[in-house]
Amino acid sequence: MSDLLVMKFGGTSMGSAARIRVAAEISAEQHAKRPVVTVVSAMSKVTDLLLDSLRKAEAGDQADLDENLKQLFARHFDVCRELLPAARQEAALAGVHALISEFSRIAKGMMMLGERPPRSIDEAIAIGERLSAFLLAEYLESEGILAAAVNAADVIATDAVFGNATPLMEQTRQRASKTIRRLLDEKILPVVTGFNGSTLDGRPTTLGRGGSDFSASILAAALDASELWIWTDVDGIMTGDPRLISDARVLDMVTYNEAAELAYNGAKVLHPRTLAPLVEREIPVWSKNSFALDKPGTKIVPSAAMASAARGPHAVTSMADVALVSIEPANSVLSGTKVMARALEALDRANVEILAITSSSYRQTFCFLVRQSELGSVMDHLEESLSLELAHGYLKPFDVDKDVGLIAVVGEGMRGTPGLAGRIFTAISKRNVNIIAIAQGSSELTIAIVVRREGLESAVKAIHQECGLGR
Ligand code: ADP
Ligand code: ASP
Ligand code: MG
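This write-up is about the structure you can find in this document. Small disclaimer: the values here were computed from a predicted structure and weren't measured.

## Concerning helix α15 (residues 456–466)
For step 1, the next point in the chain: All buried positions along α15 are accounted for by Leu456, Ala459, Val460, Ala462, Ile463 and His464.
For step 2, the next point in the chain: For α15, the secondary structure elements touched by its buried residues are β12 (315–327), β15 (399–410), α14 (420–430) and β17 (446–452).

Printed below as a string of structure tokens:
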């Protein structure tokens, strides 16, 4: 569809009756001009509350679960009352009640079982998005705009990796043409849940925390949208995390690659996988602030559209919850290459992302950085793969260092900027922060630096300043 616009509203942009009203106004304004699909996150903090409730259910903690459910009802009932005209409230409250009851049924099942099956977690936590989609669609209807809440489980087809599913694009296209396109043909505005999907045999899945951005880009690609607008609570993609860097500046334009590198290396403003579905069709993305509609936002474009004058470092990002795993042969009997190959296979089987990797050829040691949340699975798979070598003493025990952080300096064509790496390292060492590992790799885009955790913030600020990224 040539002029289709997909828009996504994040948790804070859906966080109250007042914010839902703004999201509805933005959606309605565009819907009057062109076909629009709106994708929504759960109201802010709701996914955390749902996950916490399931943990309490598993632990058999009835009183705490009830307290959480009470909060969940109160939050959505209050929004219903504030948002909707009296005549619509009874039906809307019943709708909210039905969805929360569905959640509570799953939670109670977990309480009886004393466990939380991943598949049931996904089914349960998608209810946050189903609630917010329902409320936005109800409000649009009350304003005389034809709208329909759509559960993305009926649209986005995924593999069966619960909690971190990957879309199956061809099947999603087919599903979307039956569900979403039919609504668009009837001039109905679809309000689709972010974050969730389902397997080909209909089991509910989710796309990972923060996954509503990814949902929106999957739908934009599947529906051949002409643009994707991601509405959030900052003015766009910035040169650094504004919570950390007081003079961080909004970037007018970044490339898909830069945005993906930033997201992948910890910039929360985009889900790491958001850009992937858009690359093939080169669908442009805007990151915009739903709290400041006059601000232009950041445009994310294919690399070719970026002027060469704009090459060099553009932003710096960091990640704290990471761990550095080092593997070192105990003697030269063992081929370092073979160990590395086995270790990488193990990481592949563990389905984890390697955030950075470096090796030193003489001692055949190598180390790689992973998220702490994935460390348990990493170690299980490594130990299984290399158990014989460990048992016979060919390998030293694995070294795991959690007291580290990752910094990524990102910019197209940085490799062509002479002396940059040196300036960055000098800036870090002037703040007395130890550099543990460096990985510039083959990408011209990113210099990844692992430092001691305690120096992470200070190093990020130093780099931001040294590269002249601030206002
Ligand atoms: P949403 O709920 O809209 O998806 P998120 O909280 O997931 O919003 O992401 C937006 C937040 O990302 C911002 O409030 C900001 O604090 C944080 N952030 C981290 N790094 C960056 C960056 N480089 N540019 C902009 N925002 C960033
Ligand atoms: N609600 C989900 C989360 O909090 C998805 C999202 O907000 O993008 O992770
Ligand atoms: Mg987000």
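Following the structure, the description resumes.
## Examining helix α3 (residues 62–83)
For step 1, the next point in the chain: Here α3 is 22 residues long and its end C-alpha atoms lie 31 Å apart, about the 32 Å a rise of 1.5 Å per residue gives.
For step 2, the next point in the chain: For α3, every residue scored as buried is listed here: Leu65, Asn68, Leu69, Leu72, Phe73, His76, Phe77, Val79, Cys80 and Leu83. With its buried residues spanning 160 degrees around the axis, α3 presents them on a single face. Facing away from the buried surface of α3 by more than 90 degrees, the exposed residues are Ala63, Lys70 and Glu82.
For step 3, the next point in the chain: In this fold, the buried residues of α3 make contact with α1 (17–31), α2 (46–58), α4 (86–113) and α6 (127–142).

## Details of the packing of aromatic side chains
For step 1, the next point in the chain: Using the criterion set out here, one finds four aromatic pairs in the structure.
For step 2, the next point in the chain: Where phenylalanine 73 meets phenylalanine 77, the ring centres are 5.5 Å apart and the plane angle is 50 degrees; that geometry is what we call tilted. Of this pair, phenylalanine 73 and phenylalanine 77 both sit in helix α3, separated by four residues, roughly a single helical turn. Taken individually, phenylalanine 73 and phenylalanine 77 each receive the classification buried, so the pair is uniform in this respect.
For step 3, the next point in the chain: Ring centres 6.1 Å apart and planes at 70 degrees place the aromatic pair tryptophan 229 and tryptophan 231 in the edge-to-face group.
For step 4, the next point in the chain: Taking relative accessible area as the criterion, tryptophan 229 reaches 11% and is therefore assigned buried.
For step 5, the next point in the chain: Members of the aromatic cluster, connected to one another through ring pairs, are Phe9, Trp229 and Trp231.
For step 6, the next point in the chain: The ring of phenylalanine 291 carries arginine 19 above its face, with NZ or CZ at 3.7 Å from the centroid.
For step 7, the next point in the chain: Lying across the ring of tryptophan 286, lysine 288 places its NZ or CZ 5.3 Å from the centre.

## Points about the site of ligand 1
For step 1, the next point in the chain: Around ligand 1 sit 17 residues in total, of which Lys8, Thr232, Asp233, Met238 and Lys268 are the nearest.
For step 2, the next point in the chain: Side-chain polar atom of lysine 268 to an oxygen atom of ligand 1: 2.8 Å apart, as the coordinates give it.

## Description of the pairing of strand β8 (residues 227–232)
For step 1, the next point in the chain: Counted residue by residue, β8 has six buried out of six residues, so it is predominantly covered.
For step 2, the next point in the chain: Alternating residues of β8 divide into Glu227, Trp229 and Trp231 and Leu228, Ile230 and Thr232, and every residue in both groups is buried.
For step 3, the next point in the chain: Bridge count for strand β1 (residues 5–9) against β8 is five bridges, and the pairing is parallel. When the bridges of β8 are listed, leucine 5 appears paired with glutamate 227.

## Describing the sheet that holds strand β6 (residues 196–199)
For step 1, the next point in the chain: Overall, mixed pairing links the three strands, which are arranged β4-β6-β7 in an open sheet. Edge positions in the sheet fall to β4 (157–158) and β7 (204–206), since each has one partner strand and no second.
For step 2, the next point in the chain: Two elements, β6 and β7, share three bridges in a ladder whose sense is antiparallel. Within β7, the position partnered with asparagine 196 by the bridge is threonine 206.

## Structural notes on the site of ligand 2
For step 1, the next point in the chain: Surrounding ligand 2, one finds Ser41, Thr47, Glu129, Phe195, Arg209, Gly210, Gly211 and Ser212.
For step 2, the next point in the chain: At 2.6 Å, a side-chain N or O of glutamate 129 approaches a nitrogen atom of ligand 2.
For step 3, the next point in the chain: Arginine 209 places a polar side-chain atom, nitrogen or oxygen, 2.7 Å from an oxygen atom of ligand 2.
For step 4, the next point in the chain: Burial of ligand 2 by the protein amounts to 86% of the accessible area it has alone, namely 260 Å².
For step 5, the next point in the chain: Partitioning the shell around ligand 2 into residue classes produces one nonpolar, five polar and two charged.

## Things to note about the pattern of salt bridges
For step 1, the next point in the chain: According to the stated counting rule, one finds 24 salt bridges in the structure shown.
For step 2, the next point in the chain: Arginine 209 serves as the salt-bridge partner of aspartate 48, at 3.0 Å between the closest nitrogen and oxygen. Here aspartate 48, found in helix α2, pairs with arginine 209, found in the loop between β7 and α8 (212–222); they are 161 residues apart in sequence, far enough to count as distant.
For step 3, the next point in the chain: The partner of arginine 116 in a salt bridge is glutamate 58, with the nearest N and O atoms 2.8 Å apart. Of this pair, arginine 116 sits in the loop between α4 and α5 (118–125) while glutamate 58 sits in helix α2, and the two are 58 residues apart along the sequence.
For step 4, the next point in the chain: Beyond isolated ion pairs, a larger network of salt bridges with shared partners links Asp52, Arg55 and Lys56.

## What about unusual backbone geometry?
For step 1, the next point in the chain: Here the phi dihedral of aspartate 224 falls at roughly 50 degrees; this positive angle occurs in a residue that is not glycine.
For step 2, the next point in the chain: Mapped onto the secondary structure, aspartate 224 falls in the loop between α8 and β8.
For step 3, the next point in the chain: Although it is not a glycine, asparagine 432 adopts a positive phi angle of roughly 60 degrees.
For step 4, the next point in the chain: Along the chain, asparagine 432 falls in the loop between α14 and β16 (435–439).
For step 5, the next point in the chain: Given the relative accessible area of 73%, asparagine 432 is considered exposed.

## Things to note about the side chain of histidine 464
For step 1, the next point in the chain: Position of histidine 464 among the secondary structure elements: in helix α15.
For step 2, the next point in the chain: Taking relative accessible area as the criterion, histidine 464 reaches 2% and is therefore assigned buried.
For step 3, the next point in the chain: Setting aside anything within four residues of it in sequence, one finds histidine 464 in contact with Thr239, Gly240, Ile245, Asp247, Ala248, Val316, Leu469 and Gly470.

## Focus on empty space enclosed by the protein
For step 1, the next point in the chain: One pass over the full model with this rule turns up one cavity of 30 Å³ or more.
For step 2, the next point in the chain: Estimates place the volume of the largest cavity at around 30 Å³.
For step 3, the next point in the chain: Lining the largest cavity, in full, are Leu324, Ala356, Ile357, Thr358, Cys367, Phe368, Leu369, Ala437 and Val450.
For step 4, the next point in the chain: For the lining of the largest cavity, the class distribution of residues is eight nonpolar, one polar and no charged.

Cut-offs applied
- Residues numbered from 1 in each chain as written.
- Chains lettered and ligands numbered in written order.
- Predicted model: local features only at pLDDT ≥ 70, side-chain atom pairs only at ≥ 80, totals over all residues.
- Heavy atoms only, no water.
- Buried < 20%, exposed > 50% of the residue type's maximum accessible area, 1.4 Å probe, protein only.
- Helix = DSSP H or I, 4+ residues; strand = E, 2+ residues; numbered from the N terminus.
- Contact = heavy atoms within 4.5 Å.
- Expected span 1.5 Å × (residues − 1).
- Arc of directions from axis to C-beta.
- Phe/Tyr/Trp six-rings, centres within 6.5 Å; stacked < 30°, edge-to-face > 60°.
- Lys NZ or Arg CZ within 6 Å of the ring centre and 35° of its normal.
- Near = heavy atom within 4 Å.
- Polar contact = N/O pair within 3.5 Å; in protein donor to acceptor, adjacent residues only side chain to side chain.
- Pairing = 2+ DSSP bridges.
- Areas by Shrake-Rupley, 256 points an atom, 1.4 Å probe, with all protein chains shown as cover.
- Nonpolar A, V, L, I, M, F, W, Y, C, P; charged D, E, K, R; others polar.
- Salt bridge = Lys/Arg side-chain N within 4 Å of Asp/Glu carboxyl O.
- 1 Å grid on protein atoms, 1.4 Å probe; cavity = no way out; pocket = protein on both sides within 12 Å on 5 of 7 lines; lining within 4 Å.
- Points joined across faces, edges and corners; volume = space filled by probe spheres on them.

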